[in-house]
Amino acid sequence: MIIDIPEGQEPIGYVWGDMVPGIGMAAANFSLSVYQHTTLGLREFEAARLRIAQINGCLFCLDWRTERDGRKVEEEFAGAVSDWRGTDAFDDRTRLAAEYAERYALDHHGLDDAFWTRMTAHYSQHEIVELSMSIGSWLAFGRLNHVLGLDAVCVLPGH
């Protein structure tokens, strides 16, 4: 980790809240909103989120599983996300969510008309905007935590 955390401070809370409260709290609220206000299904949400976590290499994000109404994706889901092109575990929406996340992060200039034709056949404009904002949040904040080394020192609740 490249940021010095005072003894007894929780790393994410300190960096996001104490070091840059005007920015960090707004970022934290945006990040929380992605989870609290999503209308996307759990599988497509987690496919996009996990694909960004895999690309970012954020240890915290890779270990996290979103829970909704007491449900989480199955243990094998992360492996299927890695193999989103070939897995038979995904429906079209889930596969597109993983593809969109990857292309958003690695080749956003390559999002061509053929891709958008497939995407708009399965997602409404509202859902595309929501998914885009969610992916942007995960890309920015997961990458920030990994680059600063925060992901290696944060502990998930219950771990």
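Each remark here, short or long, concerns the structure printed above.
Please read these numbers as outputs of a predicted model, since none were measured by experiment.

Digging into the overall build of the protein chain
Next up, step 1: In terms of regular secondary structure, the protein chain is built from eight helices and zero strands.
Next up, step 2: Counted from the first residue to the last, the protein chain has its helices and strands arranged as α-α-α-α-α-α-α-α.
Next up, step 3: Here the C-alpha atoms of the protein chain give a radius of gyration of 16 Å, agreeing with the 15 Å that 2.2 N^0.38 yields for 159 residues.
Next up, step 4: Here the C-alpha coordinates of the protein chain stretch approximately 50 × 30 × 25 Å along the principal axes.

Quick notes on the packing of helix α7 (residues 113–122) against helix α8 (residues 125–147)
Next up, step 1: Two elements in contact, α7 and α8, have axes whose closest approach is 8 Å; the angle formed by their N-to-C orientations is 110°. When the interaxial angle is binned, α7 and α8 end up roughly perpendicular. Between α7 and α8 lies a crossing of right-handed hand. For the pair α7 and α8, contact is made by W116, M119, T120 and H122 and by E127, I128 and L131, respectively.
Next up, step 2: Here the residues of the contact of α7 with α8 are counted per class, giving four nonpolar, two polar and one charged.

Description of helix α6 (residues 92–106)
Next up, step 1: Relative to the 21 Å expected for 15 residues at 1.5 Å per residue, α6 spans 21 Å between its end C-alpha atoms, a close match to the ideal helical length.
Next up, step 2: Where burial is concerned, most of α6 is hidden: 11 out of the 15 residues are buried.
Next up, step 3: Residues of α6 that are buried include every one of R93, T94, L96, A97, A98, E99, Y100, A101, E102, R103 and A105, and no others.
Next up, step 4: At the N-terminal boundary of α6, the capping side chain belongs to D91, with an oxygen 3.3 Å from the backbone nitrogen of R93.

Observations regarding the packing of aromatic side chains
Next up, step 1: Taken as a whole, this structure holds 11 aromatic pairs when the rule is applied.
Next up, step 2: Between Y35 and F45, the aromatic rings sit 5.4 Å apart at their centres with planes inclined by 75°, giving edge-to-face as the arrangement. Here F45 lies in helix α3 (residues 42–56) and Y35 lies in helix α2 (residues 21–36), a separation of 10 residues in the sequence.
Next up, step 3: Judged by relative accessible area, which is 27%, Y35 ranks as partly exposed.
Next up, step 4: Residue F45 is classed as buried on the basis of its relative accessible area, which comes to 0%.
Next up, step 5: Measuring from ring centre to ring centre gives 5.0 Å for F45 and W138, while their planes differ by 90°; the resulting arrangement is edge-to-face. Residue F45 is found in helix α3, and its partner W138 is found in helix α8; the two are separated by 93 residues along the sequence.
Next up, step 6: With a relative accessible area of 7%, W138 lands in the buried category.
Next up, step 7: A cation sits over an aromatic face here: R93 above Y123, 4.1 Å from the ring centre.

Here is what the cut-offs are and how they apply
- Residues numbered from 1 in each chain as written.
- Predicted model: local features only at pLDDT ≥ 70, side-chain atom pairs only at ≥ 80, totals over all residues.
- Heavy atoms only, no water.
- Helix = DSSP H or I, 4+ residues; strand = E, 2+ residues; numbered from the N terminus.
- Rg over C-alpha atoms; globule rule 2.2 N^0.38 Å.
- Axes fitted to C-alpha atoms, helices over the stretch in contact; angles between N-to-C directions.
- Parallel < 35°, antiparallel > 145°, perpendicular 65-115°, else oblique.
- Left-handed = near helix turned anticlockwise from the far one by under 90°.
- Contact = heavy atoms within 4.5 Å.
- Nonpolar A, V, L, I, M, F, W, Y, C, P; charged D, E, K, R; others polar.
- Expected span 1.5 Å × (residues − 1).
- Buried < 20%, exposed > 50% of the residue type's maximum accessible area, 1.4 Å probe, protein only.
- Polar contact = N/O pair within 3.5 Å; in protein donor to acceptor, adjacent residues only side chain to side chain.
- Phe/Tyr/Trp six-rings, centres within 6.5 Å; stacked < 30°, edge-to-face > 60°.
- Lys NZ or Arg CZ within 6 Å of the ring centre and 35° of its normal.

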